[in-house]
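Residue-level listing of the chains:
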Amino acid sequence: MGKLAIETSGLKKSFGTTHAVAGVDLAVSAGGVYGVLGPNGAGKTTTIRMLATLLRPDAGEAQVLGYDVVRDARAVQSRVGLTGQFASVDEDLTGVENLLLLARLLGYSRRRGRERAADLLDAFGLAEAADRQVKKYSGGMRRRIDIAASLVVTPELIFLDEPTTGLDPRSRNQVWEIVRGMVAEGATVLLTTQYLDEADQLADRIAVIDHGKVIAEGSSGELKASVGAGSLHVRLRAPEQRAEAERVLAGVLEVPAEPSADPAALSARISDPERVARALAELSRSGIDVTEFALGQPSLDEVFLTLTGHAAEEDAA
Amino acid sequence: MNATTAEQASAPVTEDALRSVLLAGERPSRPGPVLTSLTFGWRALLKIKHVPEQLVDVTMFPIMFTLMFTYLFGGALAGSTQEYLQFLLPGILVQANVMITMNTGITLNTDIQKGVFDRFRSLPVWRPSPLVGALLGDVMRYSIGSAIVITLGLVLGFRPEGGAVGVVLSVALLLVFSFCLSWLWTMLSLILRTPNSVAGVSMMVMFPLTFVSNIFVDPKTMPRWMQAVVEVNPISHLATVVRGLMDGSVPAGEIGWVLVSSVLLVAVFGPITMVLYRNKK
Ligand SMILES: Nc1ncnc2c1ncn2[C@@H]1O[C@H](COP(=O)(O)OP(=O)(O)OP(=O)(O)O)[C@@H](O)[C@H]1O
Ligand SMILES: [Mg+2]
């Protein structure tokens, strides 16, 4: 494994009696995307704020790009980019003013700063919105200017705190493209997310955190493998038959089948792939029409459920 | 609506363009504290440009106070409104500026809650520069406020014996004092949770500070203990200096007093502010 971009041990932070981060150990190798996955209140933002030198840890150590976040805060600051969870640019200013402001603060001359701002706006598809106040941007544009603002000086490591929360699928894809582009150029990206498929799609390795602790770590494949072989997803022609289909599947697969959000669909974990054919045959023999079926690896949703005993989305802690 | 059309029209995030901005591995050298503070000052000016409504206090306070006090109390206090205006105007100038400084804390408190301050704090720049820059931007507000008071005064019949030089010098001194006093509000804005509480506490400090002074009346008619309070109030010294300069005299001792209290304000509240700022949340 290459050198580590981030290494923490026993990182802790409390706010009053809330143990927001309760001992986090991370080892993030340089290059690639590292996903930090957790529900609301898990401690993702607090962790990132400590790594970006905004919060002083109560206990534990954190090294970012080889520099201690407390003792060498300056060295860390000049090498990382931070895109916070909430508006991280000045909403009263225009897109170009925001980027020019940062460029000047980072040492660009006025002329070079303007050029840099224009290049960034171009690259992020914001050239036409350059002279509009950021508060008038759409959600997707706003997220892109947030990210562009972290790239005024190309950072070695970039923190993205929930970069796609609240975006529509198209804008989300654009952000994903940006992340992939940054990684292709050799940057390390640490991103937090509540979306399991996002971690699955983007991250090389994932840390699942809950209640301020890392409860699992690994590649998405490893995390899934720790849960089981996968699952069978079935969609019926007639939703009324779902209860019966549940009984049939449970009988053949010897595990409970679970109804999905779609009223005509259900899924079941499979321990033995050979039983799948028999299960489908059994459904047809019982007069249940199947319009679609798919064999899937376990989703990270299932991983999360197995690891924490509760589903990712319903936790409101 | 506008936003969506623009978004659809623009071909977002082209791979090549993204690649070239990321590859431009330019690392300019880190700018010094003066440049970064001025740059943050520029941000404050941009905000005034985009949200000019924030100048309401700078324009309304001075006009209201000058007119109210001149015509309400002038006759009673000094025999005629004209005579009173000659005494009052330098004082009102002081009061207007000092009142305008309060806005610093309220604005900053709102600003710091926003995510953009996290970004500023994570930049490798001289740490106080976002705050110093905000205060530098406020200097523009003080200048506007002063210009309004003086113009209105001239229209109403105020005649500074000290001429343009006296007026310019007194405004310059006022800007220095206001900049230094602002650190008190900066500190408050980091201690109190909401802009409303900042406004409340500021008012509580502000009223005694400006009224228990020689701005509105000569302290000779006050009880002795009150005179003592007025005497130590830095605002009184400031008003005396501004009166003197506008009247054509140079009260050197008093100017010294004002400069010393300015330095003291920064020396005390500056460091406290920075500690609070560093440990924010
Ligand atoms: N400044 C603060 N003061 C008090 N409590 C805080 C503060 N910041 C965070 N917390 C608490 O710490 C816990 C972790 O918060 P954090 O913001 O790190 O979670 P998160 O994983 O980022 O959640 P989300 O997905 O909602 O952004 C929460 O219980 C939160 O209420
Ligand atoms: Mg968060």
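The rules behind the values
- Residues numbered from 1 in each chain as written.
- Chains lettered and ligands numbered in written order.
- Predicted model: local features only at pLDDT ≥ 70, side-chain atom pairs only at ≥ 80, totals over all residues.
- Heavy atoms only, no water.
- Helix = DSSP H or I, 4+ residues; strand = E, 2+ residues; numbered from the N terminus.
- Buried < 20%, exposed > 50% of the residue type's maximum accessible area, 1.4 Å probe, protein only.
- Areas by Shrake-Rupley, 256 points an atom, 1.4 Å probe, with all protein chains shown as cover.
- Lys, Arg positive; Asp, Glu negative; His and termini not counted.
- Charge placed at Lys NZ, Arg CZ, Asp CG, Glu CD.
- Axes fitted to C-alpha atoms, helices over the stretch in contact; angles between N-to-C directions.
- Parallel < 35°, antiparallel > 145°, perpendicular 65-115°, else oblique.
- Left-handed = near helix turned anticlockwise from the far one by under 90°.
- Contact = heavy atoms within 4.5 Å.
- Nonpolar A, V, L, I, M, F, W, Y, C, P; charged D, E, K, R; others polar.
- Salt bridge = Lys/Arg side-chain N within 4 Å of Asp/Glu carboxyl O.
- Polar contact = N/O pair within 3.5 Å; in protein donor to acceptor, adjacent residues only side chain to side chain.
- Domains from an automatic or database assignment.
- Near = heavy atom within 4 Å.
- 1 Å grid on protein atoms, 1.4 Å probe; cavity = no way out; pocket = protein on both sides within 12 Å on 5 of 7 lines; lining within 4 Å.
- Sits in = over half its atoms within 2 Å of the grid points.
- Donors = N, O, S within 2.8 Å, 3.2 Å for Na, K, Ca; no water.
- pLDDT = per-residue confidence, 0-100.
- Phe/Tyr/Trp six-rings, centres within 6.5 Å; stacked < 30°, edge-to-face > 60°.
- Lys NZ or Arg CZ within 6 Å of the ring centre and 35° of its normal.

Student: Which residues make up the overall build of chain A, and what are the values?
Tutor: Within chain A, the regular secondary structure consists of 11 helices and 14 strands. Expressed as lengths along the three principal axes of its C-alpha atoms, the size of chain A is roughly 75 × 45 × 40 Å. Within chain A, the proportion of its 317 residues that are buried is 55%. In the structure as shown, chain A presents an accessible area of about 13,000 Å², 49% of it carried by carbon and sulfur atoms. Considering chain A, the positive charge centre built from 35 side chains and the negative charge centre built from 45 side chains are found 6 Å apart.

Student: Explain the packing of helix α3 (residues 95–105) of chain A against helix α5 (residues 139–149) of chain A to me, and be specific about the residues and the numbers.
Tutor: Residue and element names in this part refer to chain A. Two numbers describe how α3 lies on α5: the axes approach to 10 Å, and their chain directions differ by 15°. Of the possible angle classes, the one that applies to α3 and α5 is roughly parallel. Like other packed secondary-structure pairs, α3 and α5 cross with a definite hand, here right-handed. Where α3 approaches α5, its residues G95, L99 and L102 are matched on the opposing element by I145, A148 and A149. Within the contact of α3 with α5, the residues separate by chemical class into 5 nonpolar, 1 polar and no charged.

Student: Which residues make up the interface of chain B and chain A, and what are the values?
Tutor: If you look at the interface, chain B gives 49 residues, while chain A gives 58 residues. At the junction of chain B with chain A, the criterion picks out 5 salt bridges. One salt bridge in this structure joins E97 of chain A and K49 of chain B, with 3.3 Å as the shortest N-O distance. Our enumeration of links across chain B and chain A arrives at 14 residue pairs in polar contact (both at pLDDT 80 or more). Only α1 (2–9), α2 (15–23), α3 (33–50) and α6 (115–121) of chain B provide two or more residues apiece to the side of chain B that touches chain A. Broken down by element, the side of chain B that touches chain A gets its largest block of residues, 10 residues, from α3 of chain B.

Student: Help me get a handle on the environment of K3 of chain A, residues and values and all.
Tutor: All names here are of chain A. Looking at the element boundaries, K3 is found in the segment before β1 (4–15). Judged by relative accessible area, K3 falls into the exposed class, the value being 61%. Residues K3 and G31, spaced 28 residues apart in sequence, show a C-alpha to C-alpha distance of 9.3 Å.

Student: Let's hear about the domain arrangement of chain A: which residues, and what values?
Tutor: The domain boundaries assigned to chain A delineate domain 1 (4–224) and domain 2 (231–297). Taken over C-alpha atoms, the centre of domain 1 of chain A sits 41 Å from the centre of domain 2 of chain A.

Student: How would you sum up the side chain of R104 of chain A? Please name residues and give values.
Tutor: Of note, R104 of chain A is situated in helix α3. Since its relative accessible area comes to 14%, R104 of chain A is described here as buried. A polar side-chain atom of R104 of chain A sits 3.1 Å from the main-chain carbonyl oxygen of Y108 of chain A. The residues touching R104 of chain A, leaving out its near neighbours within four places in the chain, are S109 and R110 of chain A together with P31, L35 and T39 of chain B.

Student: Would you mind going over the site of ligand 1 in detail, with residue names and values included?
Tutor: For ligand 1, the set of nearby residues contains 15 residues, the closest of which are G41, K44, T45, T46 and E162 of chain A. Looking at what sits near ligand 1, you find residues from chains A and B. Between T46 of chain A and ligand 1, the recorded distance is 2.5 Å, taken from a side-chain N or O atom to an oxygen atom. The protein chains hide 67% of the 630 Å² of surface that ligand 1 would expose on its own. Counting atoms within 2 Å of the grid points, the majority share of ligand 1 lands in the largest pocket. Every element with two or more residues in the shell around ligand 1 is listed here: β2 (18–29) and α1 (44–51) of chain A. Take the shell around ligand 1: its biggest share by element is 3 residues, from α1 of chain A. Class assignment for the residues of the shell around ligand 1 results in 4 nonpolar, 8 polar and 3 charged.

Student: Residues and numbers for the coordination of the magnesium ion (ligand 2), please.
Tutor: All names here are of chain A. The coordination sphere of the magnesium ion (ligand 2) contains the protein donors T45 (OG1) and Q85 (OE1), at a distance range of 1.8 to 2.1 Å. You can see T45 sitting in helix α1 and its partner Q85 sitting in the loop between β6 (80–83) and α3, a full 40 residues away along the chain. For T45, a relative accessible area of 25% gives the class partly exposed.

Student: I'd like a rundown of the pattern of salt bridges, residues and numbers included.
Tutor: With the rule as written, the count across this model stands at 26 salt bridges over all chains. For R235 of chain A, the salt bridge is made with D262 of chain A, and the minimal N-O distance between the two is 2.7 Å. Here R235 of chain A, found in strand β11 (residues 231–236), pairs with D262 of chain A, found in the loop between β12 (257–259) and β13 (265–269); they are 27 residues apart in sequence, far enough to count as distant. R235 of chain A gets classed as partly exposed once you look at its relative accessible area, which sits at 32%. Taking relative accessible area as the criterion, D262 of chain A reaches 27% and is therefore assigned partly exposed. Here the salt bridges share partners, and the residues they tie into one network are D90, D92 and K135 of chain A together with R43, K47 and D111 of chain B.

Student: Describe the confidence of the model for chain A, with residues and values.
Tutor: Across chain A, the average pLDDT comes to 88, with 95% of residues at or above 70. Taken element by element, the predicted model of chain A shows its lowest mean pLDDT in helix α11 (residues 300–308) of chain A (72) and its highest in α3 of chain A (96).

Student: Quick rundown of the packing of aromatic side chains? Include the residues and the values.
Tutor: Two aromatic rings, taken as a pair, are described by how far apart their centres are and by the angle between their planes. Considering all chains together, one arrives at 10 aromatic pairs over all chains under this definition. With a centroid separation of 5.5 Å and 75° between ring planes, the pair formed by F117 of chain B and F120 of chain B is classed as edge-to-face. Separated by 3 residues within a single helix, F117 of chain B and F120 of chain B lie in helix α6, roughly one turn from each other. An identical accessibility class is assigned to F117 of chain B and F120 of chain B; each is buried. Site record: aromatic cluster; members linked through ring pairs are F65, F69, F73, F207, F211 and F216 of chain B. Sitting over the face of the ring of Y195 of chain A, R172 of chain A holds its NZ or CZ atom 4.4 Å from the ring centroid. Note that R243 of chain B overlies the ring of F87 of chain B, its terminal NZ or CZ placed 3.8 Å from the centroid.

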